[in-house]
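Survey of secondary and tertiary structure
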Amino acid sequence: MIPLKSLGRWLRPGLLFALSVFMTGCSSAILAPKGQVGHDQKTLLITATVLMLLVVVPVIIMTLAFAWKYRASNTKARYEPKWSHSTAIEVVVWSIPCMIVLVLAVLTWRSSHSLDPYRPLDSQTKPVVIEAISLDWKWLFIYPEENIATVNEITFPVNTPLNFKITSDSVMNAFFIPHLGSMIYSMTGMETKLHLIANETGTFPGMSSHYSGAGFSKMHFDANSVTEAEYQAWLAKVRAQSTPMDQAAFGALVAEKNHDWHPVTYFGTTETGLFDWVVARHMGDNQHYGMDHKAMDHKGMSHGAAGESHEGHEMPAGAHDMPAGAHDMPADHAEHTADEHAAAGHAGHAGSGE
């Protein structure tokens, strides 16, 4: 049998190593935020952990203390084999956890709303809009208001809100800049949103945090927080590139199934509505699901015998390109079938079906 002292000497180096690894994690990006959203999430994480430790730590201490006090060799310990209840103990072991759960519930409720990734950030500064598309295996970023696009790099001014619109042209993925805050999924045929801000300048690593295939480990990018002057200089640098990002260029980029990291690429101009086109082309026969028909007057219009109304549906801009007056039909055509409508109004993307 191994002596207890010898066992302690052997375990000590392992415990020190485990402790050093644990402390190394304290310098991780999540615990060293560079943006307001990240700071708020760090505060929430630490607060919730401390509240839970108010129960965990005393329980661990009492477990060790009771085991030592009531060990078999301690003949002075009080022995009460028929003991079964103590009101004082019951009050303590129930009231304290209940109070902690109550505080955590209020904290979680408030933070779930204040840290909602869809909630725009309060700021007097005009936000920068970035449309992010996950591909195999790289990120395409479109700046619709600046009319540029990049691959595996984003740059933005410090202390400026970032409004991300996110989708995928392939399998489901996840967009994550740990220093700045929340992670959110990118999904084919859908659009998610994320609002972030950087409180200081620097280069922060961005990544895909959801496994998506052979090149997943190389699917990372740089998020550069710079001054306003540096941001304008970067925009001029990107606009100087003659390569446009249009549907043809997008198709060529998608065809590159890179397993290694794709180099940073700039596109000096972009095709208007490209992001919405990417979302719409994967909807197949479900073009009316979740789409925005506000641009056209569909009130009171029925499609076939079912008489389904399009009012209130949401659809990406440009996904329903139809000529003016396409829905101004005489009464004798009111009973046209859904198939006829699809053939007439959705010829541009009904065949995608991806």
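Residue positions are given per chain, counted from 1 along the sequence in the order it is written. Reporting in this predicted model follows two pLDDT cut-offs: at least 70 for local features of residues, and 80 or more for side-chain atom pairs to be given and counted; totals over whole chains, interfaces and linings ignore these cut-offs and use all residues. Values reported for side chains reflect all heavy atoms of the structure, with hydrogen atoms and water molecules removed beforehand.

1. Some points on the sheet that holds strand E3 (residues 148-151)
Using the following cut-off: Only when DSSP finds a minimum of two bridges between them are two strands counted as paired. Secondary structure counts use DSSP, requiring at least four H or I residues in a row for a helix and at least two E residues in a row for a strand, with both numbered from the N terminus. Here the axes come from fitting lines to C-alpha atoms, over the contacting stretch only for helices, and the angles between their N-to-C directions go from 0 to 180 degrees. By definition, residues are in contact when any of their heavy atoms lie within 4.5 Å.
Reading across the sheet, the six strands line up as E8-E5-E1-E2-E3-E12 and stay open at both edges, with mixed pairing between neighbours. Two strands bound the open sheet, and with one partner strand each, they are strand E8 (192-196) and strand E12 (265-267). Between one strand axis and the next, the sheet turns through 20° on average, direction left out of account. Pairing geometry for E3 and E12, over three bridges, is antiparallel. Directly across from Thr150, in E12, lies its bridge partner Tyr266. Against the sheet, helix H4 (residues 228-239) contacts strand E1 (128-135), strand E2 (138-143), E3 and E12, and its axis sits at roughly 90° relative to E3.

2. Brief notes about the confidence of the model for the protein
Parts of the prediction with low pLDDT should not have their coordinates interpreted in detail. Which entries qualify depends on this criterion: Summary of the metric used: pLDDT quantifies the predictor's per-residue confidence within the range 0 to 100.
For the protein, per-residue confidence averages 81 on the pLDDT scale, and 72% of positions sit at 70 or higher. Across residues 288-354, where pLDDT falls below 50, the model places 75 contacts with residues more than four positions away in sequence or in other chains.

3. Side note on the environment of His220
Assignment of secondary structure puts His220 in strand E10 (residues 220-226). For the pair His220 and Gly206, spaced 14 residues apart in sequence, the C-alpha to C-alpha distance is 5.6 Å. Those residues in contact with His220, other than ones at most four positions away along the chain, are Asn152, Gly206, Met207 and Trp261.

4. A closer look at the pattern of salt bridges
Rule in force here: Throughout this description, the term salt bridge denotes a Lys or Arg side-chain nitrogen within 4 Å of a carboxyl oxygen of Asp or Glu.
Under the defined criterion, the tally for this structure stands at eight salt bridges. With a closest N to O distance of 3.3 Å, Lys257 and Asp136 form a salt bridge. Taken as a pair, Lys257 in the loop between helix H5 (247-255) and E12 and Asp136 in the loop between E1 and E2 lie far apart in primary sequence, 121 residues in all. One salt bridge connects Arg239 with Glu146, and the closest N-O pair in it is separated by 2.6 Å.

5. Some remarks on the pairing of strand E9 (residues 202-208)
Where strand E6 (residues 173-176) lies against E9, two bridges are found, and the strand directions are antiparallel. Among the inter-strand pairings, Phe175 is bridged to a residue of E9, identified as Ser208.

6. Structural notes on H4
As a reminder of what qualifies: Here, expected helix span is obtained from the residue count minus one, scaled by 1.5 Å. Relative accessibility under 20% of the residue-type maximum defines a buried residue, over 50% an exposed one, and the middle range a partly exposed one, all with a 1.4 Å probe and only protein chains included. Throughout, the arc means that of the directions going from the helix axis to the C-beta atoms.
For H4, built from twelve residues, the straight-helix expectation of 16 Å at 1.5 Å per residue is met to within 8% by its first-to-last C-alpha distance of 17 Å. Of all the residues in H4, the buried ones are Tyr231, Trp234, Leu235 and Val238. Down the axis of H4, the buried side of the element spans an arc of 100°, and every buried residue falls inside it. Where H4 is buried, its residues contact E1, E2, E3, strand E4 (153-157), E10 and E12.

7. Topic: unusual backbone geometry
The amide bond that connects Asp136 to the next residue, Trp137, takes the cis arrangement and shows omega of -10°. Structurally, Trp137 is set in the loop between E1 and E2. Look at Asn152: it is not a glycine, yet its phi comes out positive at around 60°. Mapped onto the secondary structure, Asn152 falls in the loop between E3 and E4. You will see that Asn159, though not glycine, has its phi angle at about 60°, which is positive. Relative to the assigned elements, Asn159 resides in the loop between E4 and strand E5 (162-168).

8. Section: the side chain of His195
Put simply, the rule is: Here a polar contact means two N or O atoms within 3.5 Å. Within protein one must be a hydrogen donor candidate and the other an acceptor candidate, and residues neighboring in sequence count only if both atoms are side-chain atoms.
Looking at where His195 falls in the secondary structure, it is placed in strand E8. From its side chain, His195 meets the backbone oxygen of Pro117 in a polar contact 2.9 Å long. The contacts of His195, once residues within four sequence positions are left out, are Val37, Pro117, Tyr118, Arg119, Pro120, Leu121, Leu162 and Asn163.

9. Here's the deal with the sheet that holds E9
One open sheet accounts for five strands, arranged E4-E10-E9-E6-E7; its pairing is mixed. Across the chains shown, the open sheet's two edge strands, defined by having one partner strand only, are E4 and strand E7 (183-186). Within this sheet the neighbouring strands show an average axis-to-axis angle of 25°, counted without direction. With four bridges joining them, E6 and E7 adopt antiparallel strand pairing. Paired with Phe176 across the two strands is Met183, which belongs to E7.

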